[in-house]
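Structural overview
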Amino acid sequence: MQTPRELLAGLWTSVGGDGAALDRVTLTGDEPQLPSSFRGDAAAQVSIAASGLAAAEIWRMRSGRAQTVSVDTRHAAIECRSERYLRRDGEPPPPMWDPIAGVYQVSGGRYVRLHTNFPHHRAAVCEVLGCKSEREAVQVALLHWDGEAFETAAYRAGGVVALMRSREEWQALPQAAALDALPLVEITKIGDAAPKPWPAGERPLAGLRVLDLSRVIAGPVTGRTLAAHGAEVMLVSSERLPSIPWLVIDTGRGKLSSFADLTTTEGHAALRDLLTDADIFSQGYRPQSLAALGFSPEEAATLNPGIVYVSLSAYGRSGPWATRRGFDSLVQCATGFNHAEGQAAGVAGPKELPMQVLDHATGYLMAFGAMIAKARQAREGGSWHVQVSLARTGKWLWEMGRLAEGLAAPDIAQVAAVPFLDQALSGFGQLTAVRHAAMLSETRAYWARPAVPLGTDPPRWPAQG
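Residues numbered from 1 in each chain as written. Predicted model: local features only at pLDDT ≥ 70, side-chain atom pairs only at ≥ 80, totals over all residues. Heavy atoms only, no water.

**Remarks on helix 10 (residues 218-228)**
Side chains that are three or four residues apart share a direction in an α-helix, a result of its 3.6 residues per turn. For clarity, the cut-off: Accessibility here uses a 1.4 Å probe with only protein chains present; expressed as a share of the type maximum, an area under 20% marks a residue as buried, one over 50% as exposed, and anything in between as partly exposed. Comment: elements are numbered from the N terminus, with helices defined as DSSP H or I runs of at least four residues and strands as E runs of at least two.
Counting buried residues along helix 10, eleven of its eleven residues qualify, which places the element largely inside the surrounding structure. Listed as buried for helix 10 are A218, G219, P220, V221, T222, G223, R224, T225, L226, A227 and A228. Once helix 10 ends, the next one or two residues include G230, with phi positive near 105°.

Printed below as a string of structure tokens:
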């Protein structure tokens, strides 16, 4: 079983990182911090450390000065479920899940998980089942379904569900083979461009502009991380798109927030203008979705040579599931985590991991890849495409190995997280929220902007100067 430092070294060198930089990283704390048989704490610490080290190395490129990076396991574990510790004016978050979201039995004693937090996903499930949007009605209807048949029918109808599989069942699927062929963080040159000089600034990403077209957790964590190191991040959403308010608050720290409906002429033009002056374009749409609107990686590189384009998918960029919608909880269920965790805990059905670590770790890996690609652009030129997926992060987590006594670890309550929380005014009131776990010795990570409601800012970059 590899140590967190060995895992970090493997990740860092896999993208061509200078091994000498690893000597400037300190990883503290022990596993486990949260109750799980999987090494989610290690995934949290290593992914955050990788993004922090990338920021430190960019600062060394810009200033000529090296600095140290330190990440504590407990702090990282808390940050990788930051939404649970968020408080607004002292009040805890409301229930995160829609009333019919969750686990159900299907015929043959198997289980499925429904993700219905967005109204159109809930409607698709109920349409397939032909039932009311009530837990009891959904369960009665599902008992008449074969799990795999329901999973397929729900996806075709626009729903988002997962059949609980064992790891062996997942590995037997063609999608697992497609995923196995992909690197954890894939960085590809997609066009020619001259190197862009670093702008002036006193932080690693100062002067860089990041477009964030993402929702829920993984993609928004990417933008939040880049903002923590000084980037100017513009979250672009639409009044037509549903959101999860508490996650908007938590992941919106450090960002501007604007509306641009890409299905309209005005919104399309606004995004083109924003993209023209961006350095990094981070998006969490399904593969090919933005291409249909004229914003594929190649089209972005034509519009803005030198762009770093970051893509998030649920199940990877290739294979029969490449275009499937997915969220952390569903990928956990489909790829064997819920089954294995349930077995380890001695329960008959699924058991989720204690944090949505596939989401959070993937968000930090996206930020890491974006910074590595941006550093390459500054050295070599070119336009670059970074590709990361929840399921590929899951494969990385699975391959870390298991902790035999991990489920016996106590949970981390709100009071125990207090040393890692800060307070700040925001567009939502007084927030108590987790600060960033990567401690850089010279360029402290922090959010210069407060979280604001969606659409607060116009869809244009503020003047720099």
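**Some points on the pairing of strand 12 (residues 308-313)**
Applied cut-off: Should DSSP find at least two bridges between two strands, the strands are regarded as paired.
With six of its six residues buried, strand 12 lies for the most part within the structure. Every second residue of strand 12 is oriented toward a common face, with V308, V310 and L312 on one face and Y309, S311 and S313 on the other, all of them buried. Pairing geometry for strand 11 (residues 280-283) and strand 12, over four bridges, is parallel. The partner of Q283 across the bridge, within strand 12, is S311. Inspection of the sheet shows strand 12 paired to strand 13 (residues 383-389) by six bridges, in the parallel sense. Directly across from V308, in strand 13, lies its bridge partner W384.

**Comments concerning the side chain of T116**
For clarity, the cut-off: Think of a polar contact as two N or O atoms within 3.5 Å of one another; within protein, one of them needs to be a possible hydrogen donor and the other a possible acceptor, and neighboring residues in sequence only count if both atoms come from side chains. Working rule for contacts: check all heavy atoms of both residues, and any pair within 4.5 Å makes them a contact.
Assignment of secondary structure puts T116 in the loop between strand 5 (111-114) and helix 5 (119-129). A polar contact is formed between the side chain of T116 and the side chain of D98, at a distance of 2.8 Å. A polar side-chain atom of T116 sits 3.2 Å from the main-chain amide nitrogen of A101. Excluding residues within four positions of it along the chain, T116 makes contact with D98, I100, A101, H121, R122 and V125.

**Observations concerning the layout of surface pockets**
Test applied: The distinction between a cavity and a pocket rests on a 1 Å grid over the protein atoms alone: a 1.4 Å probe fits inside a cavity but cannot get out, while a pocket stays open yet meets protein on both sides within 12 Å along at least five of seven lines, and a residue with an atom within 4 Å of a point counts as lining. Grid points are joined across faces, edges and corners, and a volume is the space filled by probe spheres set on the points. Each residue is assigned to one of three groups, with Ala, Val, Leu, Ile, Met, Phe, Trp, Tyr, Cys and Pro labelled nonpolar, Asp, Glu, Lys and Arg labelled charged, and all others, Gly among them, labelled polar.
Computed from the structure, the largest pocket encloses a volume of approximately 860 Å³. If you go around the largest pocket, you meet 34 residues; those closest to its centre are F118, R215, G284, Y285 and R286. The set of elements that each furnish at least two residues to the lining of the largest pocket consists of helix 5, strand 9 (232-237) and strand 12. Its residues assigned to classes, the lining of the largest pocket shows 16 nonpolar, ten polar and eight charged. Its volume calculated, the second largest pocket comes out at about 520 Å³. Along its surface, the second largest pocket is lined by 26 residues, and E83, R84, M96, W97 and Q356 are the ones closest to its centre. Residue contributions to the lining of the second largest pocket peak at three residues, all from helix 14 (residues 328-334). Here the residues of the lining of the second largest pocket are counted per class, giving 14 nonpolar, six polar and six charged.

**A few points about the packing of helix 1 (residues 4-14) against helix 2 (residues 40-63)**
Operational definition: Only the contacting stretch of a helix is used when fitting its axis, a line to C-alpha atoms as for every element, and angles between N-to-C directions run 0 to 180 degrees. Oblique is the label for every angle not falling under 35 degrees (roughly parallel), over 145 degrees (roughly antiparallel), or within 65 to 115 degrees (roughly perpendicular). By convention, the crossing between two helices is left-handed when the near helix turns anticlockwise from the far helix through less than a right angle, and right-handed when the turn is clockwise.
Direction vectors running N to C along helix 1 and helix 2 enclose 50°, while the axes themselves pass 9 Å from each other. In terms of axis orientation, helix 1 runs oblique to helix 2. Note that helix 1 runs across helix 2; the crossing there is right-handed. Residues P4, L7, L8, L11 and W12 of helix 1 lie in contact with helix 2, whose contacting residues are A42, Q45, V46, A49, A50, L53, A54 and E57.

These figures capture arrangement, not role.
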